[in-house]
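# Architecture and fold: a report
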Amino acid sequence: MNLTRSALALLAKLFSGATVRWLDCQPDTCQRVYFANHTSHLDALVLWSSLPKEIRDLTRPVAARDYWERGAVRRYIARLFNVILIDRKKIKVHESPPDVMIREIGHKYSLIVFPEGARNVEDEMGEFKSGLYYLGKKRPDLELVPVYIDNLNRVLPRGEILPVPLLSCITIGPPIWLEAGEPKAEFLRRAREAVLRLKEI
Amino acid sequence: MHLLAKPAAAPLLGQTVFNQLDTPTMVLLGVVLLMLAGAYGAVLILRRQPETTVNAAVVRTFSYRLRAWWLMTAILVSGLFLGRIATVVLFGLVSFWALREFITMTPTRRGDHRALFWAFFLFTPFQYFLVAVGSELVGADRDGLYGRLGLAGKDFYGFYSIMIPVYASLVIPAQIAISGDHKRFLERAAKIQAGLLICVYSLSYAPALLDMELVQWQDGEMVPWTDPGQKGEENHNAKLLVYFVLLVQIADVMHYIWDRLLGRHVIAPDINASKTWEGLVGSVLTTALFGLVFTWATPFTLAGSAAMSATIAVMGAAGGMTMSAIKRDRGVRDYGTLVQGHAGVLDRIDSLCFAAPVFFHITRFYLHP
């Protein structure tokens, strides 16, 4: 299992040719929420692979159940990199996505989330959904780390199954926290800008 | 029509774990190692000089370059020792990486995705596969499997020399058209075609040198170009490949040195602010002198070797200028900074790419029986 995980990570790294830059943020095993722009099905896998091994083992991407449970291969890969599957269609009262995430990570794991929800089709980054805000509100101790993923949408665009091995770049920026009494819309705008800012650096 | 007899089947164990390289190749590789060691010594000395006498940035650039040369030499030497096929595979990997850098830099649209997939996973490996087959089937049994497939007796030169210009450059626009996006159609097709042509097709001529049957002129007669000490045919051309790569690199360095010493008239300031006409002329002349010195490693005459070296210098400079133009257009300084932390393969092989097909075809035109 461990070996296959490492092999999967290596394969993802080779294919995406990803350069990883840590800006004002160091790899750490403390509990974090990495939130990134979403442009390709490979996002979760590549971001997870680009973390150092000891952190990777403690980090669980959040992904859509309807995509990752289709077909044996996807199910196998999802299990390998320890995905938390979220049902986008049926959201129950005490089973809201942030609740599920918080329950699943306990006091051990970190998360990888894509707050835009669906992958954006245009180049422009979509508005953030509120899940990140509730994560920050219910678990104020989590570091919210912005990540910008560049060029991966060209490696595997929507609707394609064959990847093209271009070089991509992952930039991990300084953590943010939910301020006391900060309104939801205000916080989500600030979080989105934290990701966008990394594009320019 | 092979003048040289095919070597007897190689013994499985013992002497042929590694390929035996002939003496001139070994001498040439020794010269390369000496030059690199000398350059390394120069860097060590320059690093100890006070900041006021030497430009630290220049020394740093030079030592990066030197590291790339060490790596290139290591790849080439290990390839040659492992045999022709291994060399072809190594060049294929370099091509693949260079194409990756090239396409990453050029903006493409969603509709190009399939065409790009074919470029990376069909045309690039297939081109190197054809180069690897080369003339292996020329002596194949006509009643055997290859004979029944109609491949026995075929020299694959006839295929690999046109595969990308004919097949790839027709398939790619067709594939983009099928994908249904007509925006900037010609421009997009041309970008992928140019990437394949420069990074894959042109570079593949370098390892193809290993598979060319050559003659030389002796007393007005054409005789096979062989080394008496060399029995197998396979590595016979290794020294020609080393000669070619060495001279391309020498031409690069000479261009740089002459630019610094005498450079007055910049060729195209908007494209490359440091390349000058004086540097080009100086590089062509000094490279030709080096070519004279290394004539013994080639089937060329003295004048021939000088002319070939001058051609290499001109083509290398042309390659550097062309890639600079593409980089300026895209606003990248060099391919290494395109994506941070990656060594820019394309920066190192641009002159090689432009010189290889010309060197190959002139050599073949004059000296292939």
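Residues numbered from 1 in each chain as written. Chains lettered and ligands numbered in written order. Predicted model: local features only at pLDDT ≥ 70, side-chain atom pairs only at ≥ 80, totals over all residues.

## Considerations on the overall build of chain B
For the record, the criterion: The helix and strand labels rest on DSSP assignments: H or I over at least four residues marks a helix, E over at least two residues marks a strand, and numbering proceeds from the N terminus. To sort residues by exposure, count the other C-beta atoms lying within 10 Å of each residue's C-beta; 20 or more gives buried, 12 or fewer gives exposed, and values between give partly exposed, all with C-beta atoms placed from the backbone. Residues are defined as contacting one another if the C-beta atoms placed from their backbone atoms lie within 7 Å.
For chain B, the count of helices and strands is 13 helices and four strands. Put simply, chain B has 369 residues, and 40% of those count as buried. Counting contacts in chain B only where the partners sit at least 6 residues apart, residues at least 24 apart contribute 73% of the total.

## Here we look at the packing of helix 3 (residues 84-105) of chain B against helix 4 (residues 113-133) of chain B
Residue and element names in this part refer to chain B. Operational definition: Only the stretch in contact is used when a helix axis is fitted, and all axes are lines through C-alpha atoms; the angle between N-to-C directions ranges over 0 to 180 degrees. Roughly parallel covers angles under 35 degrees, roughly antiparallel covers those over 145, roughly perpendicular covers 65 to 115, and oblique covers all other angles. Left-handed describes a crossing whose near helix is turned anticlockwise from the far helix by less than a right angle; the clockwise case is right-handed.
Two elements in contact, helix 3 and helix 4, have axes separated by 10 Å at closest approach and are oriented at 155°. Compared by their axis directions, helix 3 and helix 4 come out roughly antiparallel. At the point where helix 3 passes helix 4, the crossing takes the right-handed sense. Listed contacts from helix 4 to Ile85, Val88, Gly92, Ser95, Phe96, Leu99 and Ile103 of helix 3 are Leu116, Ala119, Phe120, Thr124, Pro125, Tyr128, Val131 and Ala132.

## A look at the packing of helix 7 (residues 163-178) of chain B against helix 8 (residues 185-208) of chain B
Residue and element names in this part refer to chain B. Selection criterion: When residues are grouped by polarity, Ala, Val, Leu, Ile, Met, Phe, Trp, Tyr, Cys and Pro land in nonpolar, Asp, Glu, Lys and Arg in charged, and all others, Gly among them, in polar.
In contact at an axis separation of 10 Å, helix 7 and helix 8 are set at 150° when each is read in the N-to-C sense. In terms of crossing hand, the pair formed by helix 7 and helix 8 is right-handed. Contacts from Ile164, Ala168, Ser169, Ile172, Pro173 and Ile176 of helix 7 reach helix 8 at Phe185, Arg188, Ala189, Ile192, Gln193, Leu196, Leu197, Val200 and Tyr201. Per-class residue counts for the contact of helix 7 with helix 8 are 12 nonpolar, two polar and one charged.

## Describing the sheet that holds strand 5 (residues 110-113) of chain A
All names here are of chain A. Heads up, the rule is: Two strands are said to pair when DSSP picks up at least two bridges between them.
What the seven strands build is an open sheet, ordered 1-7-6-2-5-3-4; its pairing is mixed. Across the chains shown, the open sheet's two edge strands, defined by having one partner strand only, are strand 1 (19-22) and strand 4 (84-86). Strand-to-strand, the axes of this sheet are offset by a mean angle of 20°, without reference to chain direction. Where strand 6 (residues 143-150) meets strand 7 (residues 169-172), four bridges bridge the pair, whose relative direction is antiparallel. Counterpart to Val147 in the pairing with strand 7 is Ile172.

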